[in-house]
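Chain and residue survey
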Amino acid sequence: MSDEPLLTLVALCGATMSTLPIWAATEWEDPTVQTTTIDLEAGGTYFVYHPATQMFMINGNDANTQLSFGETGLKINVKKAEDPRFGVSGWTLEMPDAPSNNGGKPNYIFVLGDGSRAYVDYNMGSTDHFIWKITKNPDNDTYRIKMPDEDPVFGIEAQDGLYANAYMGWDGILNEEGGMNTTAVMPLVDPTTSGYENAQLDWAFVTVDEYEKFIAKKELKNTLEYAVEKGYTDYSKYEEIYNQASATAEEITNASAELRAAIEEYLLASASETNPVDLTSRISQPSFENSTDGWVYEKVTSPSTGWDNLQRQTQTRNTAVPEKTMDALMEYLPYLQIIAEKKYMAYI
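1. Quick word on the overall build of the chain
On a plain count of helices and strands, the chain comes out with five helices and 15 strands. Scored against the burial criterion, the 348 residues of the chain give a buried share of 39%. For the chain, the accessible surface area stands at approximately 19700 Å², while carbon and sulfur atoms represent 49% of it.

2. With respect to the packing of helix α2 (residues 208-229) against helix α3 (residues 236-243)
Where α2 meets α3, the closest approach of the two axes is 10 Å, and the angle between their N-to-C directions is 150°. As the angle between them shows, α2 and α3 are arranged roughly antiparallel. The two elements α2 and α3 meet at a crossing, and its hand is left-handed. Here K217, L220, K221 and L224 of α2 lie close against α3, whose contacting residues are Y238, E239, I241 and Y242. Its residues placed into classes, the contact of α2 with α3 shows five nonpolar, no polar and three charged.

3. So, the environment of Y238
Within the secondary structure, Y238 is located in helix α3. Setting aside its immediate chain neighbours within four residues, Y238 contacts L220, L224, A255, E258 and L259. At 2.7 Å, the side chain of Y238 and the side chain of E258 are in polar contact.

4. Examining the pattern of salt bridges
Under the definition given, this model contains ten salt bridges. Residues R85 and D83 are paired through a salt bridge, measuring 2.8 Å at the closest nitrogen-oxygen approach. Through salt bridges with shared partners, a single network forms among D30, K221 and E225.

5. Describing the layout of surface pockets
Reported here for the largest pocket is a volume of approximately 730 Å³. Considering the residues around the largest pocket, the lining is formed by 26 residues, among which E219, N222, S256, R260 and S281 are closest to the centre. For the lining of the largest pocket, the secondary structure elements donating two or more residues are α2, α4 (249-268) and β13 (277-278). The biggest single contributor to the lining of the largest pocket is α4, with nine residues.

6. Structural notes on α4
Taking 1.5 Å as the rise per residue, α4 with 20 residues should run 28 Å; its terminal C-alpha atoms sit 29 Å apart, in good agreement. Burial in α4 covers these residues: A249, I252, A255, S256, L259, I263, E264, L267 and L268.

7. Some thoughts on the nonpolar core
M57, L67, V78, M95, I109 and I134 are the most contacted members of the largest nonpolar core, which has 35 residues in total. Listed by contribution, the elements that provide at least two residues to this core are β1 (44-50), β2 (55-60), β3 (66-70), β4 (76-83), β5 (88-94) and β9 (143-146). At three residues, the largest contribution of residues to this core is made by β2. Apart from the residues within four sequence positions on either side, I109 is in contact with M57, L67, I76, L93, M95, A118, Y119, V120, H129, F130 and W132. Formed by 21 residues, the second largest nonpolar core is a distinct cluster that contains L224, L267, A271 and V277.

8. Side note on the side chain of N107
Mapped onto the elements, N107 comes out in the loop between β5 and β6 (110-111). Discounting residues that sit within four places of it in the chain, N107 has contacts with L93, E94, M95, P96, A98, S100, N102, V120, D121 and Y122.

9. Structural notes on the packing of α3 against α4
Following both chains from N to C, one finds α3 and α4 inclined at 155°, their axes separated by 10 Å at the closest point. Put simply, α3 runs roughly antiparallel to α4. The handedness of the crossing between α3 and α4 is left-handed. Taking contact as the criterion, the partners of K237, Y238 and I241 in α3 are, on α4, E251, I252, A255, E258 and L259. Taken together, the residues that form the contact of α3 with α4 break down as five nonpolar, no polar and three charged.

10. Section: the pairing of β3
The buried fraction of β3 amounts to five of the five residues, a majority that puts the element mostly inside the structure. Here β3 shows no split at all, with Q66, S68 and G70 on one side and L67 and F69 on the other all buried. The turn linking β2 back onto β3 is made up of five residues, and N61 within it adopts a positive phi angle of 50°.

11. Describing the packing of aromatic side chains
Tallying each qualifying case throughout the model produces 14 aromatic pairs. Aromatic pair F154 and Y163: ring centres 4.9 Å apart, planes at 85°, arrangement edge-to-face. In this pair, the class of F154 matches that of Y163, namely buried. Sitting over the face of the ring of Y167, R144 holds its NZ or CZ atom 5.2 Å from the ring centroid. Lying across the ring of Y167, K146 places its NZ or CZ 5.6 Å from the centre.

12. A look at the pairing of strand β8 (residues 133-136)
The two faces of a sheet get side chains in turn, since along a regular strand they alternate between them. In this sheet, β9 lies alongside β8 in antiparallel orientation, the contact comprising four bridges. Residue pairing across strands places K136 opposite Y143, the latter belonging to β9. Between β8 and β9, which follow one another and run antiparallel, lie six residues.

About the criteria used
Counting restarts for each chain, with residues numbered from 1 along the sequence as it is written. Residue-level local features of this predicted model are given only where pLDDT is at least 70; pairs of side-chain atoms are given and counted only at 80 or more, and the full residue set underlies all totals for whole chains, interfaces and linings. The side-chain values count all of the structure's non-hydrogen atoms but skip hydrogen atoms and water molecules. The way it works is that DSSP assigns letters per residue, a run of H or I at least four long becomes a helix, a run of E at least two long becomes a strand, and they are numbered from the N terminus. The cut-offs for exposure are 20% and 50% of the maximum accessible area for each residue type, with area from a 1.4 Å probe on protein chains only; residues under the lower value are buried, those over the upper are exposed, and the others partly exposed. Working definition of accessibility: Shrake-Rupley area with a 1.4 Å probe, residue cover restricted to the visible protein chains. Orientation is described by axes fitted as lines to C-alpha atoms, over the contacting stretch for helices, and by angles from 0 to 180 degrees between their N-to-C directions. Orientation labels follow simple angle bins: below 35 degrees gives roughly parallel, above 145 gives roughly antiparallel, 65 to 115 gives roughly perpendicular, and whatever is left gives oblique. Left-handed describes a crossing in which the near helix is turned anticlockwise from the far one by less than a right angle; the clockwise case is right-handed. In what follows, residue pairs with any heavy atoms lying within 4.5 Å of each other are defined as contacts. Charged residues are taken to be Asp, Glu, Lys and Arg, nonpolar residues to be Ala, Val, Leu, Ile, Met, Phe, Trp, Tyr, Cys and Pro, and polar residues to be all remaining types, Gly included. Pairs of N or O atoms within 3.5 Å make up the polar contacts considered here, provided that, within protein, one atom can donate a hydrogen while the other can accept it, and that residues adjacent in sequence are counted only when both atoms are side-chain atoms. Salt bridge, as used here, is a side-chain nitrogen of Lys or Arg placed within 4 Å of a carboxyl oxygen of Asp or Glu. A 1.4 Å probe that fits into a set of points on a 1 Å grid over the protein atoms alone but cannot get out defines a cavity; an open set with protein on both sides within 12 Å along at least five of seven lines defines a pocket, and lining residues are those with an atom within 4 Å of a point. Grid points are joined across faces, edges and corners, and a volume is the space filled by probe spheres set on the points. Helix span, expected: 1.5 Å multiplied by one less than the number of residues in the helix. Among buried residues, the Ala, Val, Leu, Ile, Met, Phe, Trp, Tyr and Cys ones that are joined through side-chain atoms within 4.5 Å form a nonpolar core. Pairing between two strands requires that DSSP report at least two bridges joining them. Classification of ring pairs uses Phe, Tyr and Trp, with its six-membered ring standing for Trp, and accepts pairs whose centres are within 6.5 Å; under 30 degrees between planes counts as stacked, over 60 as edge-to-face, and the remaining range as tilted. Whether a charge sits over a ring comes down to the Lys NZ or Arg CZ being within 6 Å of the ring centre and within 35 degrees of the ring normal.

Remember, this is a structural readout, not a statement about activity or role.
Okay, structure coming up:
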């Protein structure tokens, strides 16, 4: 066998490797969600995780109050309860931090009387149901959630057993791109029904501490990858924190913030008009992804100048932005250039 093909292959591999971006060789394993078994008799506060989709229970979709899947979640209070209207007992699932207009009632997750959708705000009618049956699976720490067996509408014997095998979960239907067809949680999906054979019905519970740690690690991983992408190499101590099992959510969050600040300082050192630095991350919720907290969005007129806070004051600045953040930026940077929708780039 000639050595020439082997030498050609080695040369090709060397050329291919040399063209890879630096960050392609540096990878961190995704953080994993640490689930737990729960004491159903005692109840408690948890985040509810869906292992098959790797998502959490949250509000969304219809009126932003429909029970939905999200990459992040909201706390769920699990508590034993009864509903004398239907003569059932089981558990309530309350999402206290979800938006609602129910007059201050607990945000119990409930299913409409026709079984089609579930909502998180307990803004329900007389035919809606809010008591759930929660059962642990025997082989692992996952659970199934459904209507109580004795429910007169959705129980195992109601309507000739129509809902006997119906559980809360994902319907398993994919769109043309191969993603979830909907992020709405199906309250009563039966995998024995045609079209729902791939439904995924298992749920798991995550403690508040473990959830906060998981979210913090996701952010630190993103920041580590950002460091490598930008050529910043002094991240070893932050990598150590990421890999440290005993690190707390606070320690991980602080590490991410400290590393991002160090990266920005590194980038600012070489910033120029032709090489601007993106400082959008310094602005609280730059895309209003969660709320308008931290933003000035109501018109207020100054009695001394007659100007209002939403007027364009100069050619380079609009004051309808987070006041503290903007002041800090203006003190720190000689120039601020708004170049896109709520996108801030700075150069020295």
